[in-house]
Amino acid sequence: MTALREKFSSRLGFVLATAGSAVGIGNLVGFPVNAAKNGGGAFLLIYLVFVFFICLPVLMAELAMGRHTRSNPVGAYSQISQHQQFWRLTGMLKIITPFMIAVFYMVITVWLFGYLVMSASGQLDYLAKPDSFNNTINSLHIFFAMLLVGAMVFFILRSGVQRGIERAAKVLMPSLFIMLLVLVVFVLSLDNALAGARFFIVPDITKLNAGVINNALSQAFFSLSLGMGILITYGSYLDKKDNIIKAGSMVAVADTSVAFIAGLLILPAIFSFNPQINTAELSDSSVSLIFVLLPNIFLTLQDTIGFFGAHTIATVFFLLVFFAAITSLVSIIEVPVAYLIDEKNITRRRALMLLAVIGGALVIMSALSFGALTVFTEFTTYAGQSKSVFDVIIDIFYDTILPLNGLMVCLFASFRWRHHQLTHELALGNNTYAGSWLDKYIRFSLSSFIPAILLLIFCNTVAQKFFAYSLLGF
Ligand code: PHE
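Residues numbered from 1 in each chain as written. Predicted model: local features only at pLDDT ≥ 70, side-chain atom pairs only at ≥ 80, totals over all residues. Heavy atoms only, no water.

1. What about the nonpolar core?
The line we're drawing: Residues grouped as a nonpolar core are buried Ala, Val, Leu, Ile, Met, Phe, Trp, Tyr and Cys residues, joined through side-chain atoms within 4.5 Å. Burial classification: accessible surface area is computed with a 1.4 Å probe over protein chains only, and a residue below 20% of its type maximum counts as buried, one above 50% as exposed, and the rest as partly exposed. Secondary structure is summarised from DSSP: a helix means a run of H or I of at least four residues, a strand means a run of E of at least two, and numbering begins at the N terminus for each. Between two residues, a contact is recorded if the distance between any of their heavy atoms is within 4.5 Å.
Counting residues in hydrophobic clusters, the biggest one holds 167 residues, and the most contacted among them are F50, F104, I270, F298 and L426. Broken down by element, this core gets its largest block of residues, 28 residues, from helix α15 (residues 287–344). With sequence-adjacent residues up to four places away left out, F104 is seen in contact with F222, F390, I393, I394 and Y398.

Written as structure tokens, this is what we have:
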């Protein structure tokens, strides 16, 4: 199996494919919504600290584990730990997490596709009405969209790593970046947009609280595709000559830049189109904010640039976000696919069929949990709140398990795999790495304050999410 494992054809191919995985709904929807909800600049600041001081070492460790073992996450944990059951189970968690994340990700991707089709067919005025989001996501059409998007993802994955993911990412990622920049320049020229930019960039430290910290951490992990075995899997396709430090840093910088630019697009737009918006309204922001706000923005644009101009901009925007979502979705599902192929010895096609059946059922349950069916909408209750199937998946896998998976990577790389092996792997393809300050920082942080912080945030998230109690006391 090892000898036959496909490889990326170039470092650029790797960076683009990995950035294609990293850049997605998390950056373009999740990040701006979280920034709006959590006080703007304060969120941005803590997010940046998390990305560069906490997530980056974890990202390097995941890539190194993947390339060292040339394996999927379960194979990687079990090979390095010499098949210890505990670590094998840890690896299993990294197969289940991306699978469950793919479920809610698919639901949002399908909505995006619906919005794309509706803006392309000139229906912005419908989308801009207050009830349209609910009506659209609960309409029968959304099921056709689901089938179509499912089929697209299936065919991209059928064509394998190199041809499918890499080729798609090479075209999609740079065009996405350029499209975003053009939109930002446009939005920043609007009235009152600078108030939004200020809210987003200038931190107001009084806005920091435990919830902001939890959110920033989950968002950073999710956005960089950490703790989900993605980077272990992608690392396994890297060549020993490749420089992991350089490629990994490029991915983190690209991902963070896209999130930042998306923030610079959405927050000024919110302020420009709702000049009297206040903090209380902002702190209520959720994913629906983007879906309700954007059509209104594009529709207002119609006054200046006309029906055709506004619909073109809206279509380009939704197309761009949809592209980004598809590359991410493909990479999330590649993790369980690679696992089934390597460990269970089944063909790619069969693995995909199996996942499509189980995943499809879960996607339908989640898609119906926005009011369409009460059993799924009011699925359960905890911490005094009624939760839908969709909420439960987000609370468990996005908010809770991601930091836990990150914690396990730190513990595993530091205490089971051992530092010198990690250094050795990271030094392949980078002859100045061993003994450098970066090497020292990565070794030290992974075995000390990073796991400590991740453990604290994990415990606090469990307490807050499921028992309505903040351990951090603020
Ligand atoms: N990082 C992607 C995003 O921000 C989502 C993702 C999560 C992709 C996990 C792969 C794995 O949208």
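2. Quick look at the environment of F412
Within the secondary structure, F412 sits in helix α18 (residues 389–416). Looking at F412, the relative accessible area reads 0%, which means it is buried. Here the alpha-carbon distance between F412 and L93, two residues 319 residues apart in the chain, equals 14 Å. Ignoring any residue separated from it by four or fewer positions in sequence, one finds F412 in contact with M65, Y77, I80, S81, W87, W417 and R418.

3. A word on α18
Side chains that are three or four residues apart share a direction in an α-helix, a result of its 3.6 residues per turn. What counts here: The bend at a residue is defined as the angle formed between two axes, one fitted to the seven residues ending at that residue and one fitted to the seven starting there.
At I401, α18 is deflected by roughly 45°, the largest bend along its length, and proline P403 occurs up to four residues later in sequence. Judged by how many residues are buried, α18 sits mostly within the fold: 23 of 28 residues are covered. Positioned one or two residues after α18, R418 has a phi angle of 85°, which is positive.

4. A short note on the site of the ligand
Put simply, the test is: Nearness is judged by heavy atoms alone; a residue qualifies as near a molecule or strand once a single heavy atom is within 4 Å of it. Definition of a polar contact: a pair of N or O atoms within 3.5 Å, with one able to donate and the other able to accept a hydrogen when the atoms are protein atoms, and with sequence-neighbouring residues admitted only if both atoms are side-chain atoms. Here the Shrake-Rupley method, with its probe set to 1.4 Å, supplies the accessible areas, and only the displayed protein chains count as covering residues. Each residue is assigned to one of three groups, with Ala, Val, Leu, Ile, Met, Phe, Trp, Tyr, Cys and Pro labelled nonpolar, Asp, Glu, Lys and Arg labelled charged, and all others, Gly among them, labelled polar.
The ligand sits among 15 residues. The nearest are A22, G26, Y105, F222 and S223. Backbone polar atom of S223 to a nitrogen atom of the ligand: 3.0 Å apart, as the coordinates give it. The side chain of S225 places a nitrogen or oxygen atom 3.2 Å from a nitrogen atom of the ligand. In isolation the ligand offers 320 Å² of accessible surface; the protein chains occlude 100% of this area. Elements supplying a minimum of two residues to the shell around the ligand: α1 (11–22), α2 (25–37), α11 (210–223) and α15. Broken down by class, the residue content of the shell around the ligand amounts to 7 nonpolar, 8 polar and no charged.

5. As for a nonpolar patch on the surface
The condition that has to hold: Like-charged residues are merged into a patch within 9 Å and nonpolar side chains (Val, Leu, Ile, Met, Phe, Trp, Tyr) within 5 Å, provided each residue has over 30% relative accessible area and no salt bridge. Whenever a carboxyl oxygen of Asp or Glu lies within 4 Å of a side-chain nitrogen of Lys or Arg, that contact is scored as a salt bridge.
Together, L45, L48, V49, F52, F53, I205 and V253 make up a nonpolar patch on the protein surface, roughly 580 Å² of accessible area in all. A total of 5 residues in the nonpolar patch trace back to one element, the largest contributor, which is helix α3 (residues 41–69). Locating F52 in the fold gives a position in helix α3. F52 sits in the partly exposed class, given a relative accessible area of 33%.

6. Topic: unusual backbone geometry
The backbone of S225 sits at a positive phi, close to 60°, despite the residue not being glycine. Overall, S225 belongs to the buried group, its relative accessible area being 6%. With a phi angle near 50°, A383 is a residue other than glycine that sits in the positive phi range. Here A383 lies in the loop between β1 (380–382) and β2 (385–387). You can call A383 partly exposed: its relative accessible area is 26%.

7. Remarks on empty space enclosed by the protein
A water-sized probe rolled over the atoms picks out the places where empty space is left. The criterion, for reference: Method remark: on a 1 Å grid restricted to protein atoms, a set of points is classed as a cavity if a 1.4 Å probe fits but cannot get out and as a pocket if it is open with protein on both sides within 12 Å along at least five of seven lines; lining residues have an atom within 4 Å of a point. Grid points are joined across faces, edges and corners, and a volume is the space filled by probe spheres set on the points.
Per the counting criterion, the structure on display carries 4 cavities of 30 Å³ or more. Its boundaries defined by the atoms lining it, the largest cavity holds a volume of some 110 Å³. When residues of the lining of the largest cavity are traced back to their parent elements, those giving at least two are α1, α2, α11 and α15. Ranked by residue count, the leading element in the lining of the largest cavity is α15, at 3 residues. Here the residues of the lining of the largest cavity are counted per class, giving 7 nonpolar, 8 polar and no charged. The wall of the second largest cavity is formed by L183, F186, V187, L265, A269, L294, I297, F298, L301, I313 and F317. Tallying contributions element by element places α15 first for the lining of the second largest cavity, with 6 residues. Tallied by class, the residues present in the lining of the second largest cavity amount to 11 nonpolar, no polar and no charged.

8. A few points about the side chain of T423
Along the chain, T423 turns up in helix α19 (residues 419–427). The exposure class assigned to T423 is buried, which follows from its relative accessible area of 6%. At 3.0 Å, the side chain of T423 and the side chain of R443 are in polar contact. Residues contacting T423, with those up to four places away along its chain left out, are Y433, A434, D439 and R443.

9. Focus: the packing of α15 against helix α16 (residues 348–367)
To be explicit about the condition: All axes here are fitted lines through C-alpha atoms, helices being fitted over the stretch that makes contact, and every angle between N-to-C directions spans 0 to 180 degrees. Between 65 and 115 degrees an angle is taken as roughly perpendicular, under 35 as roughly parallel, over 145 as roughly antiparallel, and anywhere else as oblique. Crossing handedness follows the turn of the near helix against the far one: under a right angle anticlockwise gives a left-handed crossing, and clockwise gives a right-handed one.
α16 packs onto α15 with a crossing angle of 125° between their chain directions and a minimal axis gap of 9 Å. As judged from the angle between their axes, α15 and α16 are oblique. The way α15 lies across α16 gives a crossing that is right-handed. In this structure, α15 uses I333, E334, P336, V337, L340 and I341 to contact α16, whose residues at the interface are R348, A351, L352, L354 and L355. For the contact of α15 with α16, a count of residues per class yields 9 nonpolar, no polar and 2 charged.

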